[in-house]
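Single-letter residue listing:
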Amino acid sequence: MNAAEFSALLVLATATSFTPGPNTTLSTALAANFGLRRAMRFVCAVPVGWGLLFALCAGGVGALVVALPLLRWSILLGGVGYLLWLAWRLSGSRSLSAVNAARLNVTFTQGVMLQFLNIKAWMLALSIVAGWVAGRPDAAERFVQVFPVLLAYAFFSNLTYATVGSLLRHWLAGPVVDGQPTGGRLLVFNRCMALALVLTAVWMLGTGLATHTAGGLR
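Residues numbered from 1 in each chain as written. Predicted model: local features only at pLDDT ≥ 70, side-chain atom pairs only at ≥ 80, totals over all residues. Heavy atoms only, no water.

A. Just the packing of aromatic side chains, in detail. All chains considered together, the criterion is met by six aromatic pairs. With 5.5 Å between their ring centres and 5° between their planes, phenylalanine 54 and phenylalanine 143 make a pair best called stacked. Of this pair, phenylalanine 54 sits in helix H3 (residues 36-58) while phenylalanine 143 is found in helix H9 (residues 139-167), placing the two residues 89 residues apart along the sequence. A centroid spacing of 6.3 Å and a plane angle of 20° characterise the contact between phenylalanine 54 and phenylalanine 147, whose relative ring orientation is stacked. (Phe/Tyr/Trp six-rings, centres within 6.5 Å; stacked < 30°, edge-to-face > 60°. Helix = DSSP H or I, 4+ residues; strand = E, 2+ residues; numbered from the N terminus.)

B. Structural context of helix H8 (residues 119-133). Here H8 contains 15 residues, and its C-alpha end-to-end distance of 20 Å stays within 8% of the 21 Å for a straight helix at 1.5 Å per residue. Across the 15 residues of H8, eleven count as buried, placing the element largely inside the fold. The set of residues buried in H8 consists of Ile119, Lys120, Ala121, Trp122, Leu124, Ala125, Leu126, Ile128, Val129, Trp132 and Val133. The N-capping residue of H8, defined by a side-chain oxygen 3.0 Å from the backbone nitrogen of lysine 120, is asparagine 118. (Expected span 1.5 Å × (residues − 1). Buried < 20%, exposed > 50% of the residue type's maximum accessible area, 1.4 Å probe, protein only. Polar contact = N/O pair within 3.5 Å; in protein donor to acceptor, adjacent residues only side chain to side chain.)

C. Expanded view of the environment of alanine 63. The topology assignment puts alanine 63 in helix H4 (residues 61-67). The spacing of alanine 63 and leucine 126 is 63 residues in sequence and 8.5 Å in space, taken between C-alpha atoms.

D. Layout of empty space enclosed by the protein. The full count for this structure, using the stated rule, is two cavities of 30 Å³ or more. Taken as a whole, the largest cavity encloses approximately 220 Å³ of empty space. Along the wall of the largest cavity there are 18 residues; nearest its centre are Thr16, Ser17, Asn23, Trp50 and Leu124. Counting only elements with at least two residues in the lining of the largest cavity, the list comes to helix H1 (3-17), helix H2 (22-34), H3, H8 and H9. Here the lining of the largest cavity gets four residues from one element, more than from any other, and that element is H9. Among the residues forming the lining of the largest cavity, the class breakdown is seven nonpolar, ten polar and one charged. (1 Å grid on protein atoms, 1.4 Å probe; cavity = no way out; pocket = protein on both sides within 12 Å on 5 of 7 lines; lining within 4 Å. Points joined across faces, edges and corners; volume = space filled by probe spheres on them. Nonpolar A, V, L, I, M, F, W, Y, C, P; charged D, E, K, R; others polar.)

Taken by themselves, the reported measurements are silent on function.
Structure representation (structure tokens):
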């Protein structure tokens, strides 16, 4: 892979990894509600799940998804439904203890599986496989070059958002009234994060409709 190709890959990875999406929104929300240490299991789950997805796309599964509209729509609607469910669970939480008890508990396994319901993750994986790996005589070597770079982007982008969320954690517990944190800021924050998830779900659905009209995932 020459310098121009690798530079183009880095630009694409930066633009897609560090812009808001379901992963970065959840990383921020989890760290703000639970703290950075608890959020790290999701932060680590993202590169694991996306790495598996990318490897499967490079191995030909992506072509199968593109060829089967029913499978594409199952992935899309599953992802939209899951994001809306998370948004609903998050939107009513105004105290750290309430969130801890029931509302936003995303396990490592769920974080991995979310990547397979994330249309943004599919589009990125398919785009990189098509543009940098598939059909090249040195496809295996290119895969080895690209794979760790993309995993690093997936990890550090979510770690960045989670760090921001954790730094806001104690401030969000306020304002303090009569010596007790009211959680008013946390409620507003959680509702903003819930809205971001809803908007992401709407974007995913719109993208799915557009790609269906155009003839498949691109």
